Each structure stands twice: as C-alpha cells, then as structure tokens.
Amino acid sequence: MDPQVQAVVLAAGMGTRMKSKVPKVLHPLGGKPLLWHVLHTLDEAGIEKRAIVVGHLAEQVKAAFPEEKNWFLQAQQLGTAHAVAMAREFLAQAQGFVFILYGDTPLLRSQTLQEMLALAQETGRGVLLGAKVADPTGYGRLIRNEEGLLAKIVEEKDASPEERAICEINAGVYCLPKGNLWALAKISNNNKQKEFYLTDIVEILAQAGDNLAIYTTPDPDEILGVNSRRQLAELEAIMRERKLRELLDSGVTIVDPASTFVAPTVEVGQDSTILPFTILEGETAIGEDCIIGPRSRIAGSKIGNGCRIQESIVLESVMEEGVSVGPFAYIRPGTIVRQGARVGDFVELKNSTIGPGSKVPHLSYIGDCEIGAGVNIGAGTITCNYDGVHKHRTIIEDGAFIGSNTNLVAPIKVGQNALVGAGSTLTEEVPPGALAIARARQVNLPKKEKNISKQENP
Ligand code: UD1
Ligand code: CA
C-alpha cells in the first residue's frame, strides 16, 4: 500500500457489555485476541505506521502485543473522538491518508481498506465504511445528502424514530485525507451521553463542504462489532464458517463441517481430508494428502504431506512426511517425528525426536529422548527422564531394538543396533551391537517346597 498511509486503532473502551475482568480487545476469537485481527488486517493491507489508543487495563493490552511501538493512553474514556485525540503527536506527523478504526471489529478485510483508499484517492474525499444490514440495532445510522454523500451519523441513543429505521450503518472505519484532521478539534460532547463522538466529524466536515463519501461493503458480516459475549459467539461462528469455506474451496475435504473447528491461522494442503470432531488451532500447517481425525486436536504444529493422525492430540510439534499417529497418542511440545515414523496407540511423546522409519507402536512414555533411524520401541517402554529434581536425556541410536516393558533410566544411551531384552530396567549405557538384559532371572520353585512354605506361614 501507498507508504503515505497510517492508522489509528481505538482500543481504550471498558467493554462494559462484555461483563468481564479481561479487557474486551483481548477476548479471543479464532484463538487470537480481537485486537490481533484488526492489526493483522492492517498488516495484510501493508499499513505499518499505526498507533493504538488504550485505556482500560492498558498494560495488559500492551503486553499482549510486544511488537507494537506506538501506544497512546486515554486515561478516561470520554468517547471515540477523545480517544483519537490522544494520538495527537502521531497524527501531527501523518502524511497522505489516515485510517481510523476500532479494535472491536475483527472481521474487517484488508481488501476493504484498499478499496476505501482507492475511493479516497479518486474522489479526494474522506471515506467512511458503511453497510446495509437487516438489523441496525446498536450502530450509528448514516444520513446521506441529495448527492448521496454522507451528511451526518446519528448514534442510536440520540436517534429519532425515523432515523432509527435507517438500515445503513456506520462500520466504524474512516479513511481521512490529512487535510480533514482539523475537524477533530471541533468535536464537542454536546449529546445525551456527554461523550466526544468521532462520528460528529462527519457533520463538521459536511458543514465545511467536505462531505465524506461512503464505501458500502459487499460483505456486511465484516463490519460486525463485538460488544457482548453473544456477539463474540456469533462472530466465532462466522469466522469459522469463512475458514471452512476457504479450505473447501482450496481443495480440502471436510466430511462434517458442523463438527470441525479450524482457526483462521491454520493452513491445510490440497487433497487432505479432515474427519469429524477435529480441532485445528494456532499456527498449524498441514500438508497435502493427509487424513486428520476423527476426534483429533492439533495446535501450533507442522504436519508434512501424507500423514495420518487419528484420535490424537499434537501440540507444538513437527510430523514429517508420511508419519502415522494414533489412535490415542498424546504428542507434547518440542517433538519431531521424522519421515515415515509411526507413533501408535496410548503413546505419550514429549520434547523428543523419533528418527525416520522408527516405530513406537504401543503404550509408551518417551520424554526428552533422541531416537535414531529404524528403531523399534517395544510396547510399554518408558523413559525415566525425571529424578525428582532434574530432567535427563535418553539417546537410542539407529537400528536399536528395545524389548517390551523396558525402563530406560536417564541419562542413558543405547548404542547402534543394540538389543535390549524385554522387561529390562537399564541404568547403564549399552554399547553398539550389544545385547543387554537387566532383569532378575526367573526362578521356578518345585511344587513341594511351595507347600512347605505355606505351612510355615499360615
Ligand atoms: C461505534 C460508533 C457507531 C458504529 C459502531 C460500529 C461512535 C460514537 N459510535 O459505536 O457509530 O456504528 O461503533 O461498531 O464512534 N473507545 C475508546 N475510547 C472511548 C470510547 C471507545 O478507545 O472513550 C474504543 C472502544 O474500545 C472500541 C471503539 O472505540 O474499540 C468503539 O467504541 P464502542 O463503545 O464499542 O462504540 P459503539 O457503541 O460500538
Ligand atoms: Ca463497538
């Protein structure tokens, strides 16, 4: 986007209608705070110069966005125009056009910002984002003049019954040429709420012959604001539908959209299939030709092409190409499962690497462990990685075979191609190629002796 564009985002409001201890703009939608979505839209539109006005629980909001530089404090929430005025210093430096937007309209699309800017450049006028909606309740109503330009905005609380019936509403996004900013200083709090309404800028500019033009969104969903938990839930549903539609259109099969949840931050490759009751969250990327689900949850993970993940949880981990996981596996953060490896049922992995083609097929806990290529881990193998104070690593080299029900007391290393007898509790290193057995020898007591001991000890 034109470098002569900047934005002011208003996020100081109490969010009283949310009835929450958490500032409104930090409530999550699609797994990310409301304000994140607005900032992301600005990123997509290439608007890097921006100021954010915070007030209610300002420190908490700022801490959630450590990369943002221009914060302005509105100590008392005296209205949206008062909030903009807090960014005075930032506005004084502005060149070209300034967008003003609200932190509680997370569905806004970057394309809309681009269209608004184009209209502003073409007409030389400020542009307001409007929408035609079936139910205008709660929004400011747009009053047009004879030429179809904006004459004024009337807030619902101040509207007459005729004005209330207007279904064209203010979405709360403004694209103003720098030359319009003088009008901010003229806004008063002369209304029922005794608030400084940003919307009054429209009438002030109109009186100076500088009416704003209206850009009407083709997608009225995008202007929806979050003022209550009900609206938050409604937007979650819309966002989810948008994402599922996008995936379906891009060549992903979703067997049951009604039970599938995919965050907007997730990518899924072509010809992958998502089975019912599956949740994909955070920065997750799934490759092509995968089958994911049913009943799986994957968060913050990278899944390669051709993987099969069923009835399992995968958190902040990497599955390379052709990996099979589950059913009922729990893969915790920091795990890498290399190409073609298999993680079977009732297996927990944590902070471990499973080498290419290796198998952990059943009933194991593998934590802080490095497993090489072509290793077979027998059922019930446990890495004893924690001595009560510290965590220790286990290393199992290429081609090793660990017999069932083995305990590996870390720190420990099992060398290349070594063999470990079932039921062993290993406390010492196994050299490459060796056979290690660490268990008590079986004793079979003859029947007679057994009877005697019974008599002695009734
Ligand atoms: C506002 C608009 C309304 C529009 C609607 C769209 C005004 C006066 N009204 O109403 O015309 O239809 O948005 O969603 O602008 N804020 C501050 N400081 C304040 C007050 C608010 O930073 O003193 C912030 C809030 O955090 C919020 C945004 O401004 O992000 C909008 O405030 P809100 O109270 O939600 O306005 P609405 O009643 O929704
Ligand atoms: Ca609002």
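Residues numbered from 1 in each chain as written. Chains lettered and ligands numbered in written order. Predicted model: local features only at pLDDT ≥ 70, side-chain atom pairs only at ≥ 80, totals over all residues. Heavy atoms only, no water.

A. Up close: the pairing of strand 4 (residues 50-54). In terms of burial, strand 4 is a largely internal element, 5 of the 5 residues being buried. Burial along strand 4 is two-sided: R50, I52 and V54 and A51 and V53, pointing in opposite directions, are all buried. Of the strand pairs in this sheet, strand 1 (residues 5-11) and strand 4 are connected by 5 bridges, and their pairing is parallel. Along strand 4, the bridge assignment pairs V8 with A51. Here 4 bridges tie strand 4 to strand 5 (residues 70-73), and the two strands are oriented parallel to one another. Bridge pairing links I52 to W71 in strand 5. Following the backbone out of strand 4, through helix 2 (residues 58-63) and into the adjacent parallel strand 5, one traces a crossover that is right-handed. (Buried < 20%, exposed > 50% of the residue type's maximum accessible area, 1.4 Å probe, protein only. Helix = DSSP H or I, 4+ residues; strand = E, 2+ residues; numbered from the N terminus. Pairing = 2+ DSSP bridges. Right-handed = clockwise from strand over helix to strand, strands pointing away.)

B. Highlighting the side chain of T406. Relative to the assigned elements, T406 resides in the loop between strand 34 (401-402) and strand 35 (407-409). At 2.7 Å, the side chain of T406 and the backbone oxygen of G403 are in polar contact. (Polar contact = N/O pair within 3.5 Å; in protein donor to acceptor, adjacent residues only side chain to side chain.)

C. Quick look at a nonpolar patch on the surface. A surface patch of nonpolar side chains, amounting to about 390 Å² of accessible area, comprises F401, L419, L435 and I437. Take F401: it is sitting in strand 34. (Patch = residues over 30% accessible without salt bridge, like charges linked within 9 Å, V, L, I, M, F, W, Y side chains within 5 Å. Areas by Shrake-Rupley, 256 points an atom, 1.4 Å probe, with all protein chains shown as cover. Salt bridge = Lys/Arg side-chain N within 4 Å of Asp/Glu carboxyl O.)

D. Region of interest: the sheet that holds strand 28 (residues 353-354). Sheet architecture is open: 9 strands sit in the order 14-17-20-23-26-28-30-33-36, paired in parallel fashion. The open sheet has two edge strands, strand 14 (267-268) and strand 36 (412-414), and neither has a second partner. Inspection of the sheet shows strand 17 (residues 285-286) paired to strand 20 (residues 302-303) by 2 bridges, in the parallel sense. Following the sheet pairing, I286 is matched in strand 20 by I303.

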